[in-house]
Amino acid sequence: MRVDRFLSNLPRFNRKQVRLLLVERRVAVDGVAVSDPHHEVREFSRVSVDDEVLQAGKPARYFMLHKPRGCVSATSDPQHPTVLDLLDEPDKGDLHIAGRLDFNTTGLMLITNDGQWSRRLTQPQTKLPKVYLVETEQAIGPEYATTFAEGIYFAFEDLTTHPAELELLGPRTARLSIIEGRYHQVKRMFGHFDNKVIGLHRERMGSLVLDATLAPGQYRALTDDEIRQV
Ligand code: URA
């Protein structure tokens, strides 16, 4: 939210007072005086006027987890362990998953309390490539790459998938890069050829690569550099 709107939403300031406070540089966001009314205030920002703190802010948190098989990409589940159960962190209720994976899919999972950051990561407009290692039941034919590059019609959503890149690694293994995240997208793309996906692992989301030192079920905080890459 813009800082001028944030301040005038408080019962104590009207719009004119807010304009003055900003011009007089009495407002600070994260310790830096601001005069631009458009300056962005987030739930993580610390906002003060003179030396009085109006919003304490809270730390933004970002984790990468190596999702193991057999756990649900949800914050709670009555039957199965969830990815959040794997995190030993306080206030887990604030956290959410940026880009879900199926029950038996493994690999890179990003978890955060920053909704703006996770939206950037997952919305199709960002065109962020998600890269998967795929193992199939039947051989992968040479025609798959052309069809995936052209897009596949999904009748349920009445849409054609964006061009996807397929790199054959072996007779039944491939690396697939897609920019959307439709429901069961990879399985449905191979399903077009009646070829069942029997192993699926996400290696990368944009420039964020699963840390090879993380065993399935392990996680770590993202570095500042990784957070900025999104
Ligand atoms: N596509 C799928 O079919 N499953 C996943 O878990 C991720 C992408």
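Please read these numbers as outputs of a predicted model, since none were measured by experiment.

Attention now goes to the packing of aromatic side chains. All chains considered together, the criterion is met by seven aromatic pairs. Consider the rings of F63 and Y219, whose centres lie 5.7 Å apart with planes at 80 degrees: the pair is edge-to-face. In this pair, F63 is assigned in strand 5 (residues 62-67) and Y219 in strand 15 (residues 219-221), connecting sequence segments 156 residues apart. Connected via pairs of aromatic rings, a cluster forms that spans Y144, F148, F190 and F193. The ring of F154 has R188 sitting right over it, with the charged end atom 4.0 Å from the ring centre.

Positive phi, normally seen in glycine, also occurs at D30, with a value near 50 degrees. By the secondary structure assignment, D30 is in the loop between strand 1 (27-29) and strand 2 (32-34). The phi dihedral of D50 falls on the positive side, at around 50 degrees, and the residue is not glycine.

So, on to the domain arrangement of the chain. Domains assigned within the chain are domain 1 (3-55) and domain 2 (62-224). The centre of domain 1, based on its C-alpha atoms, is set 40 Å off from the matching centre of domain 2. Opposite the four residues of domain 1 that make contact, domain 2 presents four residues. Counting across the interface, domain 1 meets domain 2 through one salt bridge.

What counts and how
Residues numbered from 1 in each chain as written. Predicted model: local features only at pLDDT ≥ 70, side-chain atom pairs only at ≥ 80, totals over all residues. Heavy atoms only, no water. Phe/Tyr/Trp six-rings, centres within 6.5 Å; stacked < 30°, edge-to-face > 60°. Helix = DSSP H or I, 4+ residues; strand = E, 2+ residues; numbered from the N terminus. Lys NZ or Arg CZ within 6 Å of the ring centre and 35° of its normal. Domains from an automatic or database assignment. Contact = heavy atoms within 4.5 Å. Salt bridge = Lys/Arg side-chain N within 4 Å of Asp/Glu carboxyl O.

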